[in-house]
Amino acid sequence: MLFLLVLVSFSACTDTLESEQVVYDNDFSNLDLAGFYNARLQIFQNDTVVGYYHNEEVGLTVSNLPAHELLKITLDILIHDSWDGNSDDGVGGPDFWFFGVDNEEVFRTTFSNSPCETTYCLFQSYPDAYFRQNLPKSGSVDTKIPGLCLFGASDNYTTRYSITKIIDHKNFEAKIYMNSELVSTNSQDPFCDESWSLANVKVEALTLK
Ligand SMILES: [Ca+2]
Ligand SMILES: [Ca+2]
């Protein structure tokens, strides 16, 4: 909520961007997990990523930030296998993914990798926050990636998203956490049924004039 207020005030007053400095950018190609907790590297489709996770928090602390008023955080994530989006049957969904900064949630949404027919469709909230009814894979940057486990042999069962949020932030340190709340009571092996990985984290410090 704080985040929304800041954006409103940001656009309503005359403040303009003075500087934008990349303070952290990690695609894990150099195997660097400094500052992370609960992170594990894996190779997926010839790319080094952090994952995979099923209802398990992972995060990092970015320290020594320069003076700033806003942080721009970009998270590239991979949504693997059978995510059910907004499905509210309590058996397969809803399947939430969310992240926050300094113990305050910034963004919560759902993703769907499920087929969508005219008669039956498991919608997802992304690119909006929960709850919106968008088509599966809306707002994605790549859909032509095989699944990881349950649908490891099937094309188009990993979907990549690049999520960017700007938040009000002034501290010299930021703890970014990510997690999911996946419902897969219909599966013997939830980790294999649906999971996610982190492919890139970028943090930019913004100042206003
Ligand atoms: Ca599922
Ligand atoms: Ca599910």
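Going by the structure above, here's the rest.
Model, not experiment: these values are computed from the prediction.

Asker: I'm lost on the overall build of the protein chain in this one. Help?
Answerer: Assigned secondary structure in the protein chain consists of two helices and 12 strands. When the helices and strands of the protein chain are read in sequence order from the N terminus, they spell out α-β-β-β-β-β-β-β-β-β-β-β-α-β. Burial analysis of the protein chain (209 residues in total) assigns 47% to the buried set. Taking as baseline every contact in the protein chain between residues at least 6 positions apart, the subset at least 24 positions apart corresponds to 68%. With the model as given, the accessible surface of the protein chain reaches about 10,000 Å², and the carbon-plus-sulfur share is 51%. Looking at charge distribution, the protein chain has the averaged site of its 12 positive side-chain charges lying 6 Å from that of its 30 negative ones.

Asker: What should I look at first to understand the coordination of the calcium ion (ligand 1) in this one?
Answerer: Summarising the metal site, the calcium ion (ligand 1) is bound by the protein donors Ser-82 (O), Ser-82 (OG), Asp-84 (OD) and Glu-194 (OE), whose distances to it range over 2.3 to 2.6 Å. Donor residues for the calcium ion (ligand 1), ordered by position in the chain, follow S-x1-D-x109-E. A gap of 3.5 Å separates the calcium ion (ligand 1) and the calcium ion (ligand 2), which Asp-84 links by coordinating each metal. Pair noted here: Asp-84 is in the loop between β6 (70–81) and β7 (96–101) and Glu-194 is in strand β12 (residues 194–208), with a separation of 110 residues, a long-range link.

Asker: Honestly, the environment of Asp-168 in this entry has me stumped. Any pointers?
Answerer: Within the fold, Asp-168 resides in strand β10 (residues 158–168). For Asp-168, a relative accessible area of 30% translates into the label partly exposed. C-alpha of Asp-168 to C-alpha of Leu-70: the two residues are 98 residues apart in sequence and 4.7 Å apart in space.

Asker: Got a minute to help me understand the packing of aromatic side chains in this structure?
Answerer: Where two aromatic rings form a pair, the distance of their centres and the angle of their planes describe that pair. Taken as a whole and judged by the stated rule, the model has 13 aromatic pairs. Both rings, one in Trp-83 and one in Phe-111, keep their centres 6.0 Å apart while their planes meet at 70°; by these two values the pair is edge-to-face. Taken together, the residues Trp-83 in the loop between β6 and β7 and Phe-111 in the loop between β8 (104–110) and β9 (142–145) connect sequence positions 28 residues apart. For Trp-83, a relative accessible area of 0% translates into the label buried. Centroid distance Phe-107 to Tyr-126: 6.1 Å. Interplanar angle 75°. Geometry classified as edge-to-face. One end of the pair, Phe-107, is in strand β8; the other, Tyr-126, is in the loop between β8 and β9, and 19 residues separate them in sequence. Each member of the aromatic cluster is reached from another via a ring pair, and the members are Trp-83, Phe-107, Phe-111, Tyr-126 and Tyr-161. Positioned above the aromatic ring of Phe-96, the side-chain terminus of Arg-108 is 5.1 Å from the ring centre. Across from the ring centre of Tyr-157, 6.0 Å away, lies the NZ or CZ of Lys-137, which sits over that ring.

Asker: In this structure, what is going on with the side chain of Glu-204? I would like to understand it.
Answerer: Position of Glu-204 relative to the elements: it lies in strand β12. The side chain of Glu-204 sits in the buried core without any salt bridge; Lys-72 is the nearest counter-charge, 4.3 Å away. Leaving out residues up to four positions away in the same chain, Glu-204 has contacts with Glu-20, Gln-21, Val-22, Val-23, Leu-70, Leu-71 and Lys-72.

Asker: Can you walk me through the side chain of Glu-194 in this structure?
Answerer: The charged side chain of Glu-194 is buried without a salt bridge, its nearest counter-charge being Lys-137 at 13 Å. Leaving out residues up to four positions away in the same chain, Glu-194 has contacts with His-54, His-80, Asp-81, Ser-82, Trp-83, Asp-84, Gly-92, Asp-95, Leu-182, Val-183 and Ser-184.

Asker: How should the sheet that holds β8 be read in this particular structure?
Answerer: To summarise the sheet geometry, strands pair through backbone hydrogen bonds and adopt either a parallel or an antiparallel arrangement. Here we have five strands laid out as an open sheet, ordered β2-β5-β11-β7-β8, and antiparallel in their pairing. Looking along the sheet, the strands with just one partner apiece sit at the ends: β2 (36–37) and β8. Here β2 runs beside strand β5 (residues 58–62); their pairing, made up of two bridges, is antiparallel. Bridge assignment links Tyr-37 to a residue of β5, and that residue is Gly-59.

Definitions and cut-offs
Residues numbered from 1 in each chain as written. Chains lettered and ligands numbered in written order. Predicted model: local features only at pLDDT ≥ 70, side-chain atom pairs only at ≥ 80, totals over all residues. Heavy atoms only, no water. Helix = DSSP H or I, 4+ residues; strand = E, 2+ residues; numbered from the N terminus. Buried < 20%, exposed > 50% of the residue type's maximum accessible area, 1.4 Å probe, protein only. Contact = heavy atoms within 4.5 Å. Areas by Shrake-Rupley, 256 points an atom, 1.4 Å probe, with all protein chains shown as cover. Lys, Arg positive; Asp, Glu negative; His and termini not counted. Charge placed at Lys NZ, Arg CZ, Asp CG, Glu CD. Donors = N, O, S within 2.8 Å, 3.2 Å for Na, K, Ca; no water. Phe/Tyr/Trp six-rings, centres within 6.5 Å; stacked < 30°, edge-to-face > 60°. Lys NZ or Arg CZ within 6 Å of the ring centre and 35° of its normal. Salt bridge = Lys/Arg side-chain N within 4 Å of Asp/Glu carboxyl O. Pairing = 2+ DSSP bridges.

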